[in-house]
Amino acid sequence: MESTVDIAKLSAELEHLATFTDAPPPAVTRVMLSDTDLAAREYLMRLMEEAGLTVRIDAAGNLFARWSGTDPHLPAVATGSHTDAIPHSGRYDGTVGVLGGLEAIRSLKRSGHLPRRAIELVMFTAEEPTRYGVGCLGSRLMSGAITGRKAEKLVDGDGVSFGDFHKRAGGAGTLEEVRLPRKHFRAFVELHIEQGPRLEASETPIGIVTAIAAPASLRVTYVGAGGHAGAVLMADRRDALLPAAELAVAVDSTARNLGTTDTVATTGVLDVHPRAVNSIPSRTYLEIDVRDVNESRRNNVLDVIRHQAQAIGDRHRQETTVETINADAPATCDPQIVKVIEAAADEAQLTSSRMISRAYHDSLFMAQVCPTGMIFIPCREGLSHCPEEYASPLDIARGVQVLAATLARLSSE
Ligand code: HGY
Ligand code: MN
Ligand code: MN
């Protein structure tokens, strides 16, 4: 049956969701469980209920909206993504998978599809690492990659633990109960913008992800000696910004020299204390992101950077701490799900190409729960995690159409 996508409604919903932001438009900042994020969640839950879905929230704040199937005993087919947004970012990262997933379900309902297996739309909490330094907290808990007990102890920049903060979501149960048994779902399929230039450059409307790169991140602190910028002579200084600056350059050159094109490393956070022009930096804090599709190559670069961080700190006579926040394995998408998505794209007469995802997604962890696949759509110049992020209504509609056909096939099995 032909399911049609109401792209005007979906585009309006994406635009309205973007108004829930702590940054001036067109940028979007929506950090997990902030007041803005909670208001956005209310809006999304209302849309899900209007679509006739039954909504539940787990202790981590993951949101599940269920369309029951004719056979209640069969594991559901799931789709979804995230709606939290890093500071000063865009309006399509994650949201296309949540609102696009909702529209895929609505379009199937309109077409008269009756799913044998339930279809569940999932909005994962905290896909972005902004608050706690670790990404995919909601799906990590679902997969057991982190235990509830460990997640409780995570502390944000204001000293608030996730053990306290998660309660803002109003979810049921405990963080330990967030974990899903393997095969809790028949399959999980995530629609997402590519966050890279390949699909647009090759004029390919649909990407089918075969593997997701392995992300890792470090946090490094340097503690030197502060003091008056005018009074302390150069020979007497232990300026904490110097090792930090040296390390940031080393991170970049290590990825370029030791890796391949698939190896990337970024120093995305560099905080200076006390951050006053006439005060010598006494403490610096860095967060470093290292990724590669090849886990052992990623681990090698990570090890070198860890040693460089310590050696540079020693050379500058600084108190140095180097901590690994996460070092995850890459994920492989399920070959059978890849084929179902490919058949759905063919049915829609849309060309598709198989590719890897250099960004991570909740699918990285859902692949540990059930057979998982991802559908990519192009985004303008591959830009993402910035206000210039853009996906056209036509590309979004095509992605939703392929997602709907994929969900129809999987929920009829
Ligand atoms: O950082 C990532 O890859 C994802 O967009 N959070
Ligand atoms: Mn992101
Ligand atoms: Mn994302």
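Just above sits the structure.
For clarity, every value in this text was computed on a predicted model and none was experimentally measured. (Residues numbered from 1 in each chain as written. Chains lettered and ligands numbered in written order. Predicted model: local features only at pLDDT ≥ 70, side-chain atom pairs only at ≥ 80, totals over all residues. Heavy atoms only, no water.)

Glancing now at the coordination of the manganese ion (ligand 3). Donor atoms from the polypeptide that coordinate the manganese ion (ligand 3) comprise H82 (NE2), D93 (OD) and H192 (NE2), at 2.1 to 2.3 Å from the metal. Each donor residue of the manganese ion (ligand 3) belongs to the same chain, and together they define the spacing H-x10-D-x98-H. Taken as a pair, the manganese ion (ligand 3) and the manganese ion (ligand 2) show a spacing of 3.6 Å, with D93 coordinating each metal. A residue pair is termed long-range when its members are at least 10 positions apart, and H82 in strand β4 (residues 76-82) and H192 in strand β7 (residues 185-193) qualify at 110 residues. Its relative accessible area of 1% is what places H82 among the buried residues. (Donors = N, O, S within 2.8 Å, 3.2 Å for Na, K, Ca; no water. Helix = DSSP H or I, 4+ residues; strand = E, 2+ residues; numbered from the N terminus. Buried < 20%, exposed > 50% of the residue type's maximum accessible area, 1.4 Å probe, protein only.)

Let us now look at the pattern of salt bridges. Once their charged atoms are close, side chains differing in charge can pair, the charge on each being opposite to the other. Considering all chains together, one arrives at 23 salt bridges under this definition. Salt-bridge contacts for E13 lead to R106; the nearest nitrogen and oxygen are separated by 2.8 Å. Here R106 lies in helix α3 (residues 95-111) and E13 lies in helix α1 (residues 7-17), a separation of 93 residues in the sequence. Take E13 and R106: they sit in the same class, and that class is buried. With a shortest N-O distance of 3.9 Å, D395 and R398 are connected by a salt bridge. Here the residue D395 and the residue R398 both occupy positions in helix α12 (residues 393-412), the gap between them amounting to 3 residues, near one helical turn. Note on D395: relative accessible area 15%, which makes it buried. When salt bridges with common partners are traced through the structure, they connect K9, E13, E103, R106 and R110 into a single cluster. (Salt bridge = Lys/Arg side-chain N within 4 Å of Asp/Glu carboxyl O.)

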